[in-house]
Amino acid sequence: MTIINAHFVKEMMATTANMYRLGWDERNGGNISYLLTEAEVAQYLTLTTVVRTLPLAFDATALAGRYFIVTGSGKYFKNVAFEPEKSLGVIRIATDGAAVEVLWGFVDGGVPTSELPSHLMSHIKRLEVDPNNRIVMHCHATHLLAMTYTHDLAERALTRTLWQMCTECIVVFPDGVGVIEWLVPGTTVIGEQTSAKMQKSRLVVWPHHGIYGCGKDMDEVFGLIETAEKAAQVYTYVQAQGGVKQTITDAQLQALADAFKVTPVAGYLKGV
């Protein structure tokens with residue numbers, strides 16, 4: 001069996017193509033990591049064959065022995081479907097947590113995304129909250145990015161606005177949106193701040209940069225970001241049309257939460 005036919009490779013190819021098509025991942029912007037089981041990988045690769053070993057800049061012992069397929073540094077999402085062996089790689093976290101072992105992909109000297117520390121740190125935190133978490137996805141969703149220049153960046157304020165823009169939003173992300181300060185990407189510091197927010201929210205905004213999302217499968221995470229991005233797009237149109245004249249009330253938001261059996265972030269709804 002060839003690994004190109006593996007479901008996880010096909011999912012990465014399809015999702016990156018969609019993200020590029022939507023304008024969320026211009027050039028080499030954006031990255032995805034997908035936690036795999038040993039059984040999934042063993043169907044296609046000899047687990048004792050390590051192509052290369054690359055150092056990690058932080059202690060990933062909590063993920064020792066875990067497998068991931070990740071996008072590569074400097075790789076264009078528009079090319080993943082045509083050159084998956086160059087754009088993607090299957091890695092294993094070394095037993096000492098200090099390195100990653102490349103088992104497949106990243107040919108011609110390629111390496112994992114520069115945001116790998118942020119991804120792995122977010123996997124660690126989300127697995128503590130949800131043992132079924134498998135995906136971490138980062139992109140530059142256009143309207144969410146634009147909102148970070150014009151909207152209050154307090155988490156409560158940003159979450160409430162997004163909830164009010166589309167009826168489905170409070171149902172899709174009742175845990176709200178986390179926000180970190182602006183930081184240089186590709187560092188352990190931005191990874192630490194992002195993963196800390198991931199303990200409570202599955203969406204984390206990087207101001208003037210993009211957004212991180214996580215969840216149990218590719219559809220869930222793509223749909224999570226897609227829904228928040230649609231709300232941000234509606235907000236953009238509303239502002240262009242002169243601003244809000246009526247909206248979904250807090251009582252109506254609570255009624256939605258009750259109907260769909262979700263629990264909004266405590267204190268985010270007024271007088272309910």
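As the structure is a prediction and not an experimental result, all values here were calculated from the model.

Chemist: Help me get a handle on the side chain of Ser122, residues and values and all.
Modeler: Position of Ser122 among the secondary structure elements: in helix H4 (residues 116–129). Setting aside chain neighbours within four positions, we find Ser122 in contact with Val136, Thr194, Ser195, Met198 and Tyr212.

Chemist: Which residues make up the packing of aromatic side chains, and what are the values?
Modeler: Enumeration over the complete set of coordinates arrives at four aromatic pairs. Ring centres of Trp163 and Tyr268 lie 6.0 Å apart, and the angle between their planes is 50°; this geometry places the pair in the tilted category. Residue Trp163 is found in helix H6 (residues 155–165), and its partner Tyr268 is found in the segment after helix H10 (250–259); the two are separated by 105 residues along the sequence. The class of Trp163 is buried, set by a relative accessible area of 0%. Exposure remark for Tyr268: the relative accessible area of 12% places this residue in the buried category.

Chemist: I'd like a rundown of the nonpolar core, residues and numbers included.
Modeler: Counting residues in hydrophobic clusters, the biggest one holds 56 residues, and the most contacted among them are Phe8 and Ile69. Counting residues per element, this core draws most heavily on helix H9 (residues 218–240), at nine residues. Once you skip the residues sitting within four places of it in the chain, Phe8 turns out to touch Ile3, Tyr34, Leu36, Glu40, Tyr44, Ile69 and Val90. In this structure, Val70, Val100, Phe106 and Ile124 belong to the second largest nonpolar core, which totals 18 residues.

Chemist: So what about the sheet that holds strand S1 (residues 31–36)? Which residues, and what values?
Modeler: In spatial order, the strands read S2-S5-S4-S3-S1-S6-S9-S8-S7; together these nine strands make up an open sheet with mixed pairing. Edge positions in the sheet fall to strand S2 (52–55) and strand S7 (177–179), since each has one partner strand and no second. The mean angle between the axes of side-by-side strands here comes to 25°, regardless of whether they run parallel or antiparallel. Here strand S6 (residues 135–139) pairs with strand S9 (residues 210–215) via five bridges, running antiparallel. Note on S9: the bridge partner recorded for Val136 is Cys214. On the sheet, helix H8 (residues 188–198) packs against S7, strand S8 (203–206) and S9 and is oriented at approximately 145° with respect to S8.

Chemist: I'd like a rundown of the pattern of salt bridges, residues and numbers included.
Modeler: Inspection of the entire model under this criterion finds nine salt bridges. The closest approach of N and O atoms between Glu155 and Lys197, which form a salt bridge, is 2.8 Å. In this pair, Glu155 sits in helix H6 while Lys197 sits in helix H8, placing the two residues 42 residues apart along the sequence. Of the charged contacts, one joins Arg202 and Asp175 as a salt bridge, the two residues approaching to 2.8 Å between their closest N and O atoms.

Chemist: Help me get a handle on the packing of H4 against H8, residues and values and all.
Modeler: Following both chains from N to C, one finds H4 and H8 inclined at 25°, their axes separated by 8 Å at the closest point. Classified by the angle their axes make, H4 and H8 are roughly parallel. Crossing hand, H4 versus H8: right-handed. Contacts between H4 and H8 involve Ser118, Met121, Ser122, Lys125 and Arg126 on the former and, on the latter, Thr188, Ile190, Gly191, Glu192, Thr194, Ser195 and Met198. In terms of residue class, the contact of H4 with H8 is made up of three nonpolar, six polar and three charged.

Chemist: Residue-level account of the state of the cysteines, with values.
Modeler: Enumeration over the complete set of coordinates arrives at zero disulfides. Left without a disulfide partner, Cys139 is nearest to the cysteine sulfur of Cys214, which lies 13 Å away. Look at Cys139 and you get buried, because its relative accessible area is 0%. Residue Cys166 stays outside any disulfide, its sulfur separated by 4.5 Å from that of Cys169, the closest cysteine.

Chemist: Residue-level account of the pairing of S6, with values.
Modeler: In terms of residue burial, S6 counts as a mostly covered element, since five of its five residues are buried. Burial of S6 is two-sided: the residues Ile135, Met137 and Cys139 facing one way and the residues Val136 and His138 facing the other way are all buried. Alignment of S1 against S6, held across four bridges, turns out to be antiparallel. Bridge pairing links Ile32 to Met137 in S6.

Here is what the cut-offs are and how they apply
- Residues numbered from 1 in each chain as written.
- Predicted model: local features only at pLDDT ≥ 70, side-chain atom pairs only at ≥ 80, totals over all residues.
- Heavy atoms only, no water.
- Helix = DSSP H or I, 4+ residues; strand = E, 2+ residues; numbered from the N terminus.
- Contact = heavy atoms within 4.5 Å.
- Phe/Tyr/Trp six-rings, centres within 6.5 Å; stacked < 30°, edge-to-face > 60°.
- Buried < 20%, exposed > 50% of the residue type's maximum accessible area, 1.4 Å probe, protein only.
- Core = buried A, V, L, I, M, F, W, Y, C linked by side-chain atoms within 4.5 Å.
- Pairing = 2+ DSSP bridges.
- Axes fitted to C-alpha atoms, helices over the stretch in contact; angles between N-to-C directions.
- Salt bridge = Lys/Arg side-chain N within 4 Å of Asp/Glu carboxyl O.
- Parallel < 35°, antiparallel > 145°, perpendicular 65-115°, else oblique.
- Left-handed = near helix turned anticlockwise from the far one by under 90°.
- Nonpolar A, V, L, I, M, F, W, Y, C, P; charged D, E, K, R; others polar.
- Disulfide = S-S within 2.5 Å.

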